[in-house]
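Spelled out, the chains give:
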Amino acid sequence: MFTLYNSLTRQKEEFHSIKPDRVGLYTCGMTVYDYAHIGHGRKYTMDDVLRRTLTFLGYQVTHVQNVTDVGHLVSDADEGGDKMEKGALKAGKTVWEIAEFFTQHFYDSMDRLHILRPTVVCRATDHIQEQIDLIQRLIDNNVAYDTPEAVYFEVSKFLEYGQLFGQKLDEKEIAVREDVITGSYKRNPADFVLWAKRTGHHANHIMHWDSPWGDGFPGWHIECSAMSMKYLGETFDIHTGGEDHLSIHHPNEIAQSQAATGEPLAHYWIHHAFLMVDGQKMSKSLGNFYRVEDVIERGFNPISLRYLYLNSHYRKPLNFTWSGLEAAEKGLYSLLSWMQDVPAEEADEAYTQDSLIHRNNFIQSICDDLNTPKTLAAVWEMVRSDLPRGQKLKLMREFDEVLGFGLDDFRHIVIPEDVKELLDARNEARNSKDYSKSDQLRDQIDQLGYTILDTKEGSILRKKY
Ligand code: AMP
Ligand code: ZN
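One structure accompanies this document, and this report is about it. None of these values were measured; they are calculated from a predicted model. (Residues numbered from 1 in each chain as written. Chains lettered and ligands numbered in written order. Predicted model: local features only at pLDDT ≥ 70, side-chain atom pairs only at ≥ 80, totals over all residues. Heavy atoms only, no water.)

**Digging into the coordination of the zinc ion (ligand 2)**
For step 1, the next point in the chain: Coordination of the zinc ion (ligand 2) by the protein comes from C28 (SG), C224 (SG), H249 (NE2) and E253 (OE), over a distance range of 2.1 to 2.7 Å.
For step 2, the next point in the chain: Viewed at the metal, the four donor atoms of the zinc ion (ligand 2) are separated by angles of 75 to 128 degrees, and the geometry they form is irregular.
For step 3, the next point in the chain: Sequence spacing among the residues donating to the zinc ion (ligand 2) works out to C-x195-C-x24-H-x3-E. One end of the pair, H249, and the other, E253, are both in helix α7 (residues 249–261), four residues apart, so they sit about a helical turn from each other.
For step 4, the next point in the chain: Residue class for H249 comes out buried when judged on its relative accessible area of 0%.
For step 5, the next point in the chain: Owing to a relative accessible area of 0%, E253 belongs among the buried residues under this scheme. (Donors = N, O, S within 2.8 Å, 3.2 Å for Na, K, Ca; no water. Tetrahedral: all angles 85-135°; square planar, octahedral: opposite > 155°, others 65-115°. Helix = DSSP H or I, 4+ residues; strand = E, 2+ residues; numbered from the N terminus. Buried < 20%, exposed > 50% of the residue type's maximum accessible area, 1.4 Å probe, protein only.)

Structure (structure tokens):
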């Protein structure tokens, strides 16, 4: 049984796909006005674990992800300038150039974390017609209205709007109202933009297209509805996003999709908690972020980040520290070095009964709302067990299909014998408390391009990344 916490019903639910053996998965993508950071890394790694788990369970997954390259204003509600234009101004480039540059950077960063590329990547600016068509449907259904400044979705026409994800419409109206600078034609402060016109506040908006309502650009939320429906159908299985999308973006996506089609957009809504720094969300707008490159520059293997992410549950905030990453790296390299010690050809063909118990523990843990800390504990229990090595290797290879560390790929990193001998000598010196000799040997190892990690499993050599 695979359970997922569904934010829509606020409980763990057993997962059932709409079509047998197939899953449609939509993961809200990045707004490409600045660099991708390791906070994004956390969210998309956990999406990747979800996708890999579904595949492991035998589903064929179609994974769709948008790239927001227009319409996301500085506030998730309809206020402020377009983030893309701000980003372009900062970089001294055109909006189109920064969209291309940061999209590339985002996917390069995700590749380094072994995050599988989505089946479909769709840019908002490539789907203007689909967004116009959906807005037209909403107008035809009498749930959207045209004004001199924008076409708005009328939230009072969608009865559940106020209660989605446990929100209270009154509270939201107040939150939105405090932020209101424009939007004087809104019938309700919580109504949101479907199509913004190139007038007033947005008179000089750089990206703009013709539409039945005049020159302008789509609001941010409509892109996700239009593109997810195009590639996954009007109702699909799973939709994910960061927990910041609980209050505005996702209720708006649900309202406008369901008001157009009469069907729920997605059956399961998954929300990821943030990667934090000093108690604050790591974010582009706060500028308090590290990129994957920063992690590599400090000598870490980026897959250590993946280990760090998996070591906490996706619904709990995770505070990023360098010492936390060091501990994660030790965990990862302990697994790698264990794997390197077992020759590839030693893997057994079939499982024994004892191995199946470990396999079940692993599956039960990951199927419990993607409980990755429990899953890693099950991995370690297996590694430390007295199962024969051939069994362990077979299990580990299967586990790694879900974990995505790529443990087998590390086999080619062979540590030279002379470096191993230096490590033995260093350990001997350390055991006999000859610390100056042990430090000197550590330096020698360091100069040869290797670092010693002292872990619970003993001292491990790691080639510098
Ligand atoms: P953005 O480009 O800011 O729209 O973010 C793209 C996705 O990454 C959204 O689903 C965000 O919620 C998520 N995200 C952004 N920052 C973080 C963070 N620090 N930790 C986890 N997820 C994040
Ligand atoms: Zn979205």
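**Remarks on the pairing of strand β15 (residues 450–455)**
Regular strands have side chains that alternate between both faces of the sheet.
For step 1, the next point in the chain: Sheet topology note: the β15/strand β16 (residues 458–463) ladder contains six bridges and is antiparallel. Bridge pairing in β16 links T451 to R462.
For step 2, the next point in the chain: Between the antiparallel neighbours β15 and β16 lie two residues. (Pairing = 2+ DSSP bridges.)

**What about the packing of aromatic side chains?**
For step 1, the next point in the chain: Within the structure shown, the criterion is met by 22 aromatic pairs.
For step 2, the next point in the chain: Seen in terms of ring centroids, Y26 and F236 are 6.4 Å apart; in terms of plane orientation they differ by 50 degrees. Their pairing is tilted. Taken together, the residues Y26 in strand β3 (residues 22–27) and F236 in strand β10 (residues 236–242) connect sequence positions 210 residues apart. For the pair shown, Y26 and F236 are each scored as buried.
For step 3, the next point in the chain: Ring plane angle 55 degrees and centroid distance 5.6 Å describe the contact between Y290 and F320, whose orientation is recorded as tilted. Of the two residues, Y290 sits in the loop between β13 (280–281) and α8 (292–297) while F320 sits in the loop between β14 (318–319) and α10 (322–340), which places them 30 residues apart along the sequence.
For step 4, the next point in the chain: A relative accessible area of 25% places Y290 in the partly exposed class.
For step 5, the next point in the chain: A connected cluster of aromatic rings, assembled from ring pairs, spans F2, F15, Y59 and Y268.
For step 6, the next point in the chain: Against the face of W322 rests R298, its NZ or CZ located 3.9 Å from the ring centre.
For step 7, the next point in the chain: Lying across the ring of Y5, R315 places its NZ or CZ 4.1 Å from the centre. (Phe/Tyr/Trp six-rings, centres within 6.5 Å; stacked < 30°, edge-to-face > 60°. Lys NZ or Arg CZ within 6 Å of the ring centre and 35° of its normal.)

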